[in-house]
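# Structural description and commentary
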Amino acid sequence: MQAHQSTVDPNEVAKFEAMAAEWWDTEGKFKPLHMLNPCRLDYIANQIAGEFDRDLTEPEPFKGLRILDIGCGGGLLSEPMARLGATVVGADAAAGNIPVAQIHADQSDLEIDYRHTTAEAMTEAGEQFDVVLNMEVVEHVASPISYLTACHQLLKPGGLHICSTINRNPKSYVVAIIGAEHVMRWLPKGTHEWAKFITPNELFKLLEDSGMEPVDRKGFVFNPILWSWSLSSRDLSVNYVTASLKPKD
């Protein structure tokens, strides 16, 4: 069988590897993710609970589920999934992120399988998961369709794929690049490339072409007055998230 070509973009990996040690600094370069994380977790937890008929009031509602956090970074999503009882694999193409994530998990007394690897390498190894979390990664890869196809292959039949990214329009350029990188200086200049942003319709088409069935999409909306994020069914103008399923047949 022919090996899959990696969709990792070395320049994108280098950007995040340079920031690896700052993952758990809530006032550092990843402050936007720390602010967004409660909103992301709310969406993720409810999608998983709904799809797998889990009760979120239980102590470990995701027990028995195997979850992949691809592009895990420092573990901001892997750790909450582990606390909810899931068996978690956190994978990242940036080698420097893995020891940071592992040390923090050890300090938090959490058992998480962190790996320096790629989606393509995991498909070659025959890995399978109930859920693949693919958050803020697809806009950084060399080939979105090849990458999403690998994510599809990593899912068990009936598995759930949750993918978030940034819309491509004038507003997203102003907010995500000028605002976040130049004005607020939350991220180093050049972290994002506007041309790599993906519209919701484009992402749905890519998901369908990869073999998945999109079932939901919502916007992550930042309120500068309340200084907080919320989910929106209508406003997908900048940050947004999708849920899709791998057909059972």
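Summary of the structure given here. (Residues numbered from 1 in each chain as written. Predicted model: local features only at pLDDT ≥ 70, side-chain atom pairs only at ≥ 80, totals over all residues. Heavy atoms only, no water.)

On to the overall build of the chain. Secondary structure summary: the chain contains eight helices and eight strands in total. Counting the 249 residues in the chain, one finds 54% classified as buried. Considering only contacts in the chain between residues 6 or more positions apart, those separated by 24 or more positions represent 69%. If you sum the accessible surface of the chain, you get close to 11400 Å²; carbon and sulfur atoms cover 53% of it. (Helix = DSSP H or I, 4+ residues; strand = E, 2+ residues; numbered from the N terminus. Buried < 20%, exposed > 50% of the residue type's maximum accessible area, 1.4 Å probe, protein only. Contact = heavy atoms within 4.5 Å. Areas by Shrake-Rupley, 256 points an atom, 1.4 Å probe, with all protein chains shown as cover.)

Right, let's get into the state of the cysteines. This structure, assessed with the given rule, holds zero disulfides. Cysteine Cys-163 shares no disulfide, and the gap to the nearest cysteine sulfur, in Cys-151, comes to 7.4 Å. Owing to a relative accessible area of 0%, Cys-163 belongs among the buried residues under this scheme. (Disulfide = S-S within 2.5 Å.)

Under the defined criterion, the tally for this structure stands at two aromatic pairs. Their ring planes at 70° and their centres at 5.1 Å tell us that Phe-222 and Trp-227 sit as a pair that is edge-to-face. Of the residues examined, Phe-222 reaches a relative accessible area of 24% and is grouped as partly exposed. By relative accessible area, Trp-227 is classed as partly exposed at 40%. Chaining the aromatic ring pairs together yields one cluster made of Phe-222, Trp-227 and Trp-229. Its guanidinium or amino end placed over the ring of Phe-204, Arg-217 lies 4.7 Å from that ring's centre, counting from NZ or CZ. (Phe/Tyr/Trp six-rings, centres within 6.5 Å; stacked < 30°, edge-to-face > 60°. Lys NZ or Arg CZ within 6 Å of the ring centre and 35° of its normal.)

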